[in-house]
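Overview (structure and organization)
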Amino acid sequence: MSGARQKKQAKKMRNQPVSITLPGEPGPFLGGGSRASLSPGDVRSEQQYQQQKFSNQSSGPSYRKDQYFPKGQNRGERGRGRGGWQGGCQNVSEEMPKYITVSTFAQARAAEINAMLKAVTQKSSNCLVFQTLPRHMRRRAMSHNIKRLPRRLQEIARKEAEKAVHQKKEQSKTKCRKARRRHINLVAEFNRRQRKNIWLETHIWHAKRFHMVKKWGYCLGDSPTEKSYRACYRAMTKHCLLQDLSYYCCLELTGRENELLKQLARICSTDAGLTFEEVCCLSGRFEGSLNLYRADRYPEDMLGPVTFIWKPRDGSENRQLWIWMHPALKQDMLRELKAIFQCSEPEEIYVPEPITTSIQEEKQMGVVLSLGKKRKKEDKEGEKAVPVKKIIGDGTRDPFQSYSWVSQTTGIVISDRTMEILRYRLIGPLSHSVLTETLKAASLQTEMADSESELNNWWVENCKDSEKVSLHQRQSAIFELLEGISSPSEMPPGTILGLTVGDPRVNLPKTKTKAMPDFEKYQDNDKVRQLYLEGVPLDCAHSFIWDQDICKNVTENKISEQDLNRMRAQLLVPGSHLDLGPCESKIPILLVQQPGKMAGEDRPGWGSGWDIYLPKGWGMAFWIPFIYRGVRVGGLQEALKHSEYQRTPHTPNDFPDSQAGMQFAKELETSLLEKFKRRPPAKRANYVKLGTLSPFLCPWGQLTKNWERRMKASGEFVHPSSPHPECCATEGHSFCDPKAEMVKEASPETGEVEETMEITSSEGVLKTEDVTGTQDFGERGETMTSDFIVLRSEKLLMQLSAWCYPTAGKDRRVRLISRLGQKEMTEDVFLPILMSYPRALVWVNLSLLRKGNPELHAMICIPTEDDLLHLSKDKLFCGPQEPKHHDIFKHKVQKLKEEKKKKKKDNTKALESDPVSVPDKEVAEEHEDLILGLWPDTLPDVTSHCSRTLLGYVTRGDFSLAAGCGEALGFVSLTGLLCMLYKQPADKKGLVLLRTPASFQYRFARLTIEV
């Protein structure tokens, strides 16, 4: 037989049982003794022996030379034939036993026969029955017609077919693409996908161009898919950037003015800035912003920042107030407002329901009920029917919760108008050009277009009133004057302008253009100058958007895109202007000016713009015209950068003393820790050796506690009127400088001598504390509370800002302190501040002197005298370096790893092995939280752990395109800041050190406080 035939035969017989021919001459049993000595219980060993013989005596041909030859065995010992039986017959005959036990032998053979029958009946591959046939016997019809198979295989094929039927999923009735893309089915699918995370009206536009994230109950655009980081900055600086802020929540308060102001005064403070009683805001001319606290708890229990707008007085007793907030803050603020106004029972007067885009609601309900049925051709109604497109409500609201609450004692009503009012933001100097080109004031109308329709009936009634017509004309004139103003920052901060505009889709240009300012209108006339100085008059701040009935009418009677396109197609001259006449919708809007950067001296007014408030249902009708004017669209990341370049806190990232800020920090720590664990252990940064105690979370509570303890222990700034003088005994070490000892140790891996850093307390041992700060959220229950506060007193912040500037040298600011009327920094001045706020944080911004890029959770430290001396001698000195620390947890982690390996190895053994003892489990659970390169939950003193005293942490940091250098924002301890400023020389005031978590290098930075 040729070699090819042998290979073919071997391939065919490889899965077949091997036939064995036993010789007649018995031989002795291997290892002495005979097979007859086996006990009945040794059937298992007998079977193993037979299987070993079969594997050693296979007579089947094989094309693999080394298949039956063990390593170290010569081919001559087994014979020269491929089967290997002829040459090895004599050796095998000597191994055969003289006699056997019949029962034992029969049991072993029965087990082998059962195994063989099981192997024959079960399939060893995933192929179907008809695929096991030879190719010349296969037929195409066998895949669906079982009778075409041989009779011996038909039963197996029938079972396979029944099994496939059960496994097959039920196909949707609208499975083809044409049916899925039908508008009625698309809308039904979109409504289904909004059950968990609500979509904005611009969601589909964003989903095609943005990376989408699910946050706060909404599906929001995070950042564009194209490269646009610098382009978005240029748009904010020179052009125009558009953002959809419709996910912000709006709470409307209605009631008597004195009752509203009386209770609202309990959740804010005049010490922190504006209140709801501010005269300019109370009239309705300007928008106000403030920070809210729990009732009568200032400066503790922070709720978060809000903006508010009062409706201008219209002669009625009741006033309306809108409070806008971030969705992460809504539930806490709503709970507090209901508590102070005693609104517990829901009001059944107004409960807004999902609005449909068609007037024929009865016909649409029939369409919804028949969504699963196929639309037949003879169904004439099917072509005219418009599906129900729901405008879903608030994603932060419980679907079973009411929209409105009323107080039985005061009569104040709290209404949730989230997603009832849309909100867009235009940022940049060309915002005026985009607004004036996109929006046109509505034309007057005194007659109804259709007696049956309710379109613009509210506008016709108002146009019959001469006072309201005069007001509309004044508002239109002021709106046209905006085109003659070069930047929104030239307007008074928070200016409000009410307006009624026409349908912006009518003015849509043919192609995408860029709105540019008209320099001819930049003439210095009296009207523009008056608008600069006085702002918008009080009566022009009125808008019909405050009326819920009008907003509902405008939403329900909107002309659909289909009808609008049909009218465009019927124009005699294609592409010409479409004049709808009295059929054109009239939309009430509200324009609110955003002042941009107001704190500090550099780049005043940067990032200013306008907010546009619209009724719901008109989102895309305004969005696309804005896009066609050349604006660039930004997402959540662009909003973060906008606040970063303004050096203002961003919600909820930079409010660590609020519930939302703590929750954000917890989620950020979890995500960063998971990302750290995903990296291989050899590629992770060892933060223990780097001296970074908390790389993924800022332990604000422990930072303030440690600084308070250091102040009491030093006794340097103890005032005679201190409430606890006995706790402030002076010890033998300085207030700012920890005891740092350089320790040289031999590395256990390389044997080289390494210079490590160990910080010791006065007792000489590593100091650890059981801190219940913000690093453990889970152990403190559902309501997280902070044991520190953030200083927001404007008076104290102005004083600290003046102290941070150097009063001598090249960068001195001597006039600043005297101009602001601030006091010089003496103990009598700042000691009362220390006593009043022992655990307080201060919001600061830092600018690097040299190169460097600050990162998240970077450490802000105090430079030593030697660092400042070195900097004064060498202007190119970047900064000192942190010595390498000793990893005291490395051996514990390795031991824990070995224990886990040993435990896993023990579990793989037989069941007879002993289980793991209880003490080992306890040890494993005790060190389960140990991760190589990270400190456990219990941290030592964070201020004195490194060679430079820790002052605070960075919450946001990056290279600033606005400043041209690395900038960072963060919080520092008030106690540590006063200590540092008091000890620093006059020409080095405000100099600090920055160190990123994964680096040893410190870099000098200038610390400032902008108010």
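Relevant structure appears above.
The structure contained in this document is the topic of the report that follows. Quick caveat, the model's predicted, so the values are computed rather than measured.

1. Overview of the overall build of the protein
A count of helical and extended segments in the protein gives 33 helices and 26 strands. The contacts of the protein with a sequence gap of at least 6 include a subset with a gap of at least 24, amounting to 76%. Carbon and sulfur atoms make up 51% of the accessible area of the protein, which totals about 54700 Å².

2. Digging into the packing of helix H10 (residues 229-237) against helix H23 (residues 636-646)
Geometrically, a packed helix pair is captured by the angle between its two axes and the distance between the axes. Taken N-terminus to C-terminus, the directions of H10 and H23 make an angle of 55°; their axes are 11 Å apart at the nearest point. Taken together, the axis directions place H10 and H23 in an arrangement best described as oblique. Regarding H10 and H23, the two cross each other, and that crossing is right-handed. The residues of H23 that touch H10, namely those facing Tyr-229, Cys-232, Tyr-233 and Met-236, are Glu-638, Lys-641, His-642 and Tyr-645. In terms of residue class, the contact of H10 with H23 is made up of five nonpolar, one polar and two charged.

3. Points about the side chain of Asp-654
Its place among the elements puts Asp-654 in the loop between H23 and helix H24 (659-678). Reaching out from Asp-654, the side chain makes a polar contact with the side chain of Arg-956 at a distance of 2.6 Å. If near-sequence neighbours (up to four positions away) are discounted, Asp-654 is found in contact with Thr-648, Pro-649, Trp-843, Thr-955, Arg-956 and Phe-971.

4. A closer look at the side chain of His-432
Following the sequence through the fold, His-432 ends up in helix H16 (residues 431-438). From its side chain, His-432 meets the backbone oxygen of Leu-482 in a polar contact 3.3 Å long. Other than its neighbours up to four places away in sequence, His-432 contacts Leu-482, Ile-485, Ser-487, Pro-488 and Trp-610.

5. Observations concerning the pairing of strand E6 (residues 288-293)
When a strand is regular, its side chains alternate between the sheet's two faces. Across the six residues that make up E6, a large majority, five, are buried. Two strands pair when backbone bridges link them, and E6 and strand E7 (residues 302-310) are joined in this way by six bridges, in the antiparallel orientation. Note on E7: the bridge partner recorded for Leu-290 is Val-306.

6. Side note on helix H29 (residues 827-836)
Along H29, the residues that are buried comprise Phe-830, Leu-831, Ile-833 and Leu-834. In a view along the axis of H29, the buried residues occupy a sector of 160°, so they form one face of it. Turned more than 90 degrees away from the buried face of H29 sit Asp-828 and Ser-836, all of them exposed. Taken together, the buried residues of H29 touch helix H26 (700-714), helix H27 (794-803) and helix H33 (974-983).

7. Quick notes on the pattern of salt bridges
Counted by the stated rule, this structure contains 34 salt bridges. Residue Asp-563 pairs with Arg-566 through a salt bridge whose shortest N-O separation is 2.8 Å. Of this pair, Asp-563 and Arg-566 both sit in helix H21 (residues 561-569), separated by three residues, roughly a single helical turn. Overall, Asp-563 belongs to the partly exposed group, its relative accessible area being 31%. A network of salt bridges, in which partner residues are shared, links Lys-597, Asp-602, Arg-647, Glu-967 and Glu-1010.

8. Some points on a nonpolar patch on the surface
Nonpolar side chains collect at one region of the surface, where Ile-113, Met-116, Leu-117 and Val-120 lie side by side and expose about 380 Å² of accessible area between them. Structurally, Ile-113 can be placed in helix H5 (residues 102-121).

9. Quick notes on the environment of Val-460
The topology assignment puts Val-460 in helix H17 (residues 457-463). When its relative accessible area of 4% is taken as the criterion, Val-460 is described as buried. Between the alpha carbons of Val-460 and Gln-445 there is a distance of 5.5 Å; along the sequence they are 15 residues apart. Dropping the residues within four chain positions of it, Val-460 is found in contact with Gln-445, Thr-446, Glu-447 and Met-448.

10. Digging into the sheet that holds strand E16 (residues 632-633)
The mixed open sheet is built from six strands, whose spatial order is E13-E14-E15-E12-E4-E16. The open sheet terminates on both sides in strands that have one partner only, identified here as strand E13 (496-502) and E16. Strand direction decides the pairing type here: strand E12 (residues 421-427) and strand E15 (residues 609-615), joined by seven bridges, are antiparallel. The residue bridging Arg-423 from the neighbouring strand is Tyr-613, located in E15.

11. Focus on the packing of aromatic side chains
Pairs of aromatic rings are described using the distance from one ring centre to the other and the angle between the two planes. Applying the stated criterion across every chain yields a total of 25 aromatic pairs. An angle of 25° between the planes, with centres 4.1 Å apart, marks the rings of Trp-322 and Trp-546 as stacked. Pair noted here: Trp-322 is in strand E8 (residues 318-325) and Trp-546 is in the loop between helix H19 (526-534) and helix H20 (548-556), with a separation of 224 residues, a long-range link. Relative to Tyr-613, the ring of Trp-322 has its centre 6.4 Å away and its plane inclined at 45°; by these criteria the two rings are tilted.

12. Side note on the sheet that holds strand E3 (residues 218-224)
Read from one edge of the open sheet, three strands run E1-E3-E2, paired in mixed fashion. The strands lining the two open edges of the sheet, one partner per strand, are strand E1 (198-199) and strand E2 (210-215). The pairing of E2 with E3 spans six bridges and is classified as antiparallel. The residue of E3 that forms the bridge with Lys-215 is Tyr-218. Each of E2 and E3 touches H23; the most contacted strand, E3, lies at about 70° to it.

13. A closer look at the environment of Ser-246
Summarising the element assignment, Ser-246 is placed in the loop between strand E4 (241-244) and strand E5 (249-256). Judged by its relative accessible area of 2%, Ser-246 is buried. Each C-alpha atom of the pair Ser-246 and Leu-200 lies 7.0 Å from the other, and the pair is 46 residues apart in sequence. Apart from the residues within four sequence positions on either side, Ser-246 is in contact with Leu-200, Met-419, Leu-422, Arg-423 and Tyr-424. In this structure the side chain of Ser-246 is engaged in a polar contact, spanning 3.3 Å, whose partner is the backbone nitrogen of Arg-423.

Definitions and cut-offs
- Residues numbered from 1 in each chain as written.
- Predicted model: local features only at pLDDT ≥ 70, side-chain atom pairs only at ≥ 80, totals over all residues.
- Heavy atoms only, no water.
- Helix = DSSP H or I, 4+ residues; strand = E, 2+ residues; numbered from the N terminus.
- Contact = heavy atoms within 4.5 Å.
- Areas by Shrake-Rupley, 256 points an atom, 1.4 Å probe, with all protein chains shown as cover.
- Axes fitted to C-alpha atoms, helices over the stretch in contact; angles between N-to-C directions.
- Parallel < 35°, antiparallel > 145°, perpendicular 65-115°, else oblique.
- Left-handed = near helix turned anticlockwise from the far one by under 90°.
- Nonpolar A, V, L, I, M, F, W, Y, C, P; charged D, E, K, R; others polar.
- Polar contact = N/O pair within 3.5 Å; in protein donor to acceptor, adjacent residues only side chain to side chain.
- Buried < 20%, exposed > 50% of the residue type's maximum accessible area, 1.4 Å probe, protein only.
- Pairing = 2+ DSSP bridges.
- Arc of directions from axis to C-beta.
- Salt bridge = Lys/Arg side-chain N within 4 Å of Asp/Glu carboxyl O.
- Patch = residues over 30% accessible without salt bridge, like charges linked within 9 Å, V, L, I, M, F, W, Y side chains within 5 Å.
- Phe/Tyr/Trp six-rings, centres within 6.5 Å; stacked < 30°, edge-to-face > 60°.

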